[in-house]
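Now for the letters of each chain:
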Amino acid sequence: MNTSDSEEEFYNERTALVSSESPTMATYTQDSQLPGPADTETKEGASSRLARGTAEREPAVESEDEELTLKYGAKHVIMLFVPVTLCMVVVVATIKSVSFYTEKNGQQLIYTPFTEDTPSVGQRLLNSVLNTIIMISVIVVMTIFLVVLYKYRCYKFIHGWLILSSLMLLFWFSFMYLGEVFKTYNVAMDYPTLVMIIWNFGAVGMICIHWKGPLQLQQAYLIVISALMALVFIKYLPEWSAWVILGAISVYDLIAVLSPKGPLRMLVETAQERNEPIFPALIYSCKRTIEYSLPVSEGTVSLPFSDEETPQSNGEGLERSQEEPENQAFMGRNRTYSAEEEEERGVKLGLGDFIFYSVLVGKAAATGGDWNTTLACFVAILIGLCLTLLLLAIFKKALPALPISITFGLVFYFSTDNLVRPFMDSLAAHQFYI
Amino acid sequence: MNLERVPNEEKLNLCRKYYLGGFAFLPFLWLVNVVWFFREAFVKPPYTEQQHIKTYVKRSALGLLLWVAALTTWITIFQHFRAQWGEVADYLSFTIPLGIP
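Every value quoted in this text rests on a predicted model; they were computed, and no experiment measured them.

**Side note on the overall build of chain B**
- Along the backbone of chain B there are 4 helices and 1 strand.
- Computed over the C-alpha atoms, the radius of gyration of chain B is 20 Å, more than 25% above the 13 Å expected from 2.2 N^0.38 for a compact globule of 101 residues.
- Based on the C-alpha atoms only, the size of chain B along its principal axes is roughly 60 × 20 × 20 Å.
- Burial status across chain B gives 37% buried among its 101 residues.
- Surface accessibility of chain B: about 6300 Å² in total, with carbon and sulfur atoms responsible for 67%.
- In chain B, which carries 10 positive and 7 negative side-chain charges, the distance between the mean positions of the two groups comes to 8 Å.

In structure tokens, the structure reads:
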């Protein structure tokens, strides 16, 4: 089975960190006299208006607001730690126990056509760079396509694509996953029970993600599909290409979200102008005190993954391509999404971010020497996430979630694997404790 | 979504849709219905739609119990008699364990 094409698309969409409500809310409150949620910015806006008459109150109000911003920021960091950790734990547990995902049988995605089975190191490096270039360009094309679709209001198309993606992800990939888990644990499973399990899991997942469902269940499903996607990537990306792709996609993320003409930024801005929530199933949101839940924007984890999966079927070429842009675009969108949901308080993180973080930690678990490397990468990603959220609280606009975390993750992976591990091994060999 | 912010008619509507959806061989949906609307149906102070929500939750719970009983019975039978059934069991099996049972 060749997983495929659309996976890339997923990347794009998913890797977006949606800033918390703070940034967009601020602009919103300044523009209109919205009561809105008790957002810090809202308060700030309202209070500063009030305080015009009473100038002396302003400093006190502002410092209070700042304190609230920081407090909310800290809460958001904690709120995001749990899902990111859970996703990574699922991926690492699967990698360590089910050998299917670490076996390389020569199958590759069509996005990475160059093989890494070459005689020389230089050739291998060249192939991995070429693979990365192809992958990134596919992602860029898809993102732009998605932005164009969004700008011209082809909502039905986008929705159809997303639904197909999530169908693929929820049914096909989980079927594969269950099959491998049962084989690993040597459990007999019959088709009727299996059909019931997959059908229930998939159908309730579709309902929760695309329609209405309990928030925790929706979050759980998003985490599960991110983990499934990450596992597929870990299996089908060749070794060196995976690392180079991780690096390249963080750079792309940075450019796409921050530069004025970046597709993701345009997507977010268009969504903000139209005051619409980002499509569901592309972002994970941790809501806290929800005053009023807007339908789409709530915690949707991007389903960019699903897009990738759909390529599996032969006739889906067209659909896949469609999904891809969405994925990419959504990732960006997810980032800035929070502004649109004025009543939601909670930071949103794109599903792509979950996926790539898990890919990094999963690869460290699969190919790194031992648990030191895996733990180091895990800690690095969490630190990067903290820093990103801190920046989010300071700048109050959509930010890319990948660059800082992935950079730390890559640095920690390579340094732990090559420096710390031999050091610890020699210390243990000589029974020298520090 | 948070049920706190949703008006009562919508809650009833949602509960009923989940209840009806469960008939499509989806006991998991019934489970979600029971867990999600349990507080609404039994813990909250009464309101007009609560009676209907209670009925739906109770029926979902009943359906769920029936499905759990049926599935448990089937799984027990299958696991116990799988080796004895020979070819039919292999035809029904998705994964067949390796090694000596």
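**Section: the overall build of chain A**
- A tally of regular secondary structure across chain A gives 15 helices and 4 strands.
- Taken across its 434 residues, chain A has 58% of its residues classed as buried.
- Only carbon and sulfur atoms are counted for the fraction: they give 68% of the accessible area of chain A, which is about 16700 Å².

**Some remarks on the UniProt feature "transmembrane region" (unreviewed entry) in chain A**
All names here are of chain A.
- Mapped onto this numbering, the UniProt entry gives "transmembrane region" (unreviewed entry) at residues 77–95, 129–150, 157–179, 191–211, 218–234, 240–258, 375–395 and 401–420.
- Between the end C-alpha atoms of residues 77–95 there is a gap of 27 Å, over a span that is 100% helix and 0% strand.
- A distance of 30 Å separates the end C-alpha atoms of residues 375–395, which is 100% helix and 0% strand.

**With respect to the interface of chain A and chain B**
- Listed as interface residues are 31 residues of chain A and, on the opposing side, 29 residues of chain B.
- Buried surface at the junction of chain A and chain B, both sides included, amounts to about 2600 Å², of which 66% is carbon and sulfur.
- The tally of links from chain A across to chain B stands at 0 salt bridges.
- Those elements that place two or more of their residues in the side of chain A that touches chain B are helix H6 (155–184), strand E2 (189–190), helix H7 (191–210) and helix H8 (215–236) of chain A.
- In the side of chain A that touches chain B, the residues fall into 20 nonpolar, 6 polar and 5 charged.
- Alignment of E2 of chain A against strand E1 (residues 93–95) of chain B, held across 2 bridges, turns out to be antiparallel. Across the sheet, the residue bridging to Asp 190 of chain A is Ser 93 of chain B, located in E1 of chain B.

**Overview of the packing of H7 of chain A against helix H3 (residues 50–85) of chain B**
- Here H7 of chain A crosses H3 of chain B at 145°, and the two axes come no closer than 10 Å. For the element pair H7 of chain A and H3 of chain B, the recorded crossing hand is left-handed. Contacts between H7 of chain A and H3 of chain B pair Pro 192, Thr 193 and Met 196 of chain A from the former with Trp 67, Leu 71, Trp 74 and Ile 75 of chain B from the latter.

**Describing the UniProt feature "transmembrane region" (unreviewed entry) in chain B**
- With numbering matched to this structure, UniProt assigns "transmembrane region" (unreviewed entry) to residues 20–39 and 60–81 of chain B.
- The annotated region residues 20–39 of chain B carries 75% helix and 0% strand content, and the separation between its end C-alpha atoms amounts to 20 Å.

**Some points on the layout of surface pockets**
- Considering only enclosed or pocket space, the largest pocket measures out at about 430 Å³ in volume.
- Looking at the largest pocket, it is lined by 15 residues, and the ones nearest its centre are Pro 214, Leu 215 and Gln 216 of chain A together with Met 1 and Trp 36 of chain B.
- Taken together, the elements giving at least two residues each to the lining of the largest pocket come down to H8 of chain A together with helix H2 (27–43) of chain B.
- Top contributing element to the lining of the largest pocket by residue count: H2 of chain B, with 5 residues.
- Considered class by class, the residues forming the lining of the largest pocket number 9 nonpolar, 2 polar and 4 charged.

**With respect to the confidence of the model for chain B**
- Residues of chain B with pLDDT of at least 70 account for 98%, and the chain-wide mean is 89.
- The ipTM value of the predicted complex is 0.93, and its pTM value is 0.77.

**Brief notes about the confidence of the model for chain A**
- In this model, chain A carries a mean pLDDT of 75, and residues with pLDDT of at least 70 account for 71%.
- Note on residues 289–343 of chain A: pLDDT under 50 across the span, and 335 contacts to partners over four residues away in sequence or across chains.

**Observations regarding helix H14 (residues 371–395) of chain A**
- Its 25 residues place the ends of H14 of chain A 36 Å apart at the C-alpha level, agreeing with the 36 Å of an ideal helix rising 1.5 Å per residue.
- Of the residues one or two after H14 of chain A, Lys 396 of chain A is the one with positive phi, at around 55°.

**Concerning the pattern of salt bridges**
- Evaluated as defined, the whole model comprises 6 salt bridges over all chains.
- For Lys 183 of chain A, the salt bridge goes to Glu 180 of chain A, with nearest N and O atoms at 3.6 Å. Linking Lys 183 of chain A with Glu 180 of chain A, this pair stays in helix H6, spanning 3 residues, or about one helical turn.
- Lys 44 of chain B is the salt-bridge partner of Glu 40 of chain B, the closest N and O atoms lying 2.7 Å from each other.
- Residue class for Lys 44 of chain B comes out partly exposed when judged on its relative accessible area of 22%.
- Members of the salt-bridge network, linked through shared partners, are Lys 11, Glu 40 and Lys 44 of chain B.

What counts, and where the lines are drawn
Residues numbered from 1 in each chain as written. Chains lettered and ligands numbered in written order. Predicted model: local features only at pLDDT ≥ 70, side-chain atom pairs only at ≥ 80, totals over all residues. Heavy atoms only, no water. Helix = DSSP H or I, 4+ residues; strand = E, 2+ residues; numbered from the N terminus. Rg over C-alpha atoms; globule rule 2.2 N^0.38 Å. Buried < 20%, exposed > 50% of the residue type's maximum accessible area, 1.4 Å probe, protein only. Areas by Shrake-Rupley, 256 points an atom, 1.4 Å probe, with all protein chains shown as cover. Lys, Arg positive; Asp, Glu negative; His and termini not counted. Charge placed at Lys NZ, Arg CZ, Asp CG, Glu CD. UniProt positions renumbered as here; feature names shortened; annotations may be inferred. Contact = heavy atoms within 4.5 Å. Buried area = accessible area lost by both parts, 1.4 Å probe. Salt bridge = Lys/Arg side-chain N within 4 Å of Asp/Glu carboxyl O. Nonpolar A, V, L, I, M, F, W, Y, C, P; charged D, E, K, R; others polar. Pairing = 2+ DSSP bridges. Axes fitted to C-alpha atoms, helices over the stretch in contact; angles between N-to-C directions. Left-handed = near helix turned anticlockwise from the far one by under 90°. 1 Å grid on protein atoms, 1.4 Å probe; cavity = no way out; pocket = protein on both sides within 12 Å on 5 of 7 lines; lining within 4 Å. Points joined across faces, edges and corners; volume = space filled by probe spheres on them. pLDDT = per-residue confidence, 0-100. Expected span 1.5 Å × (residues − 1).

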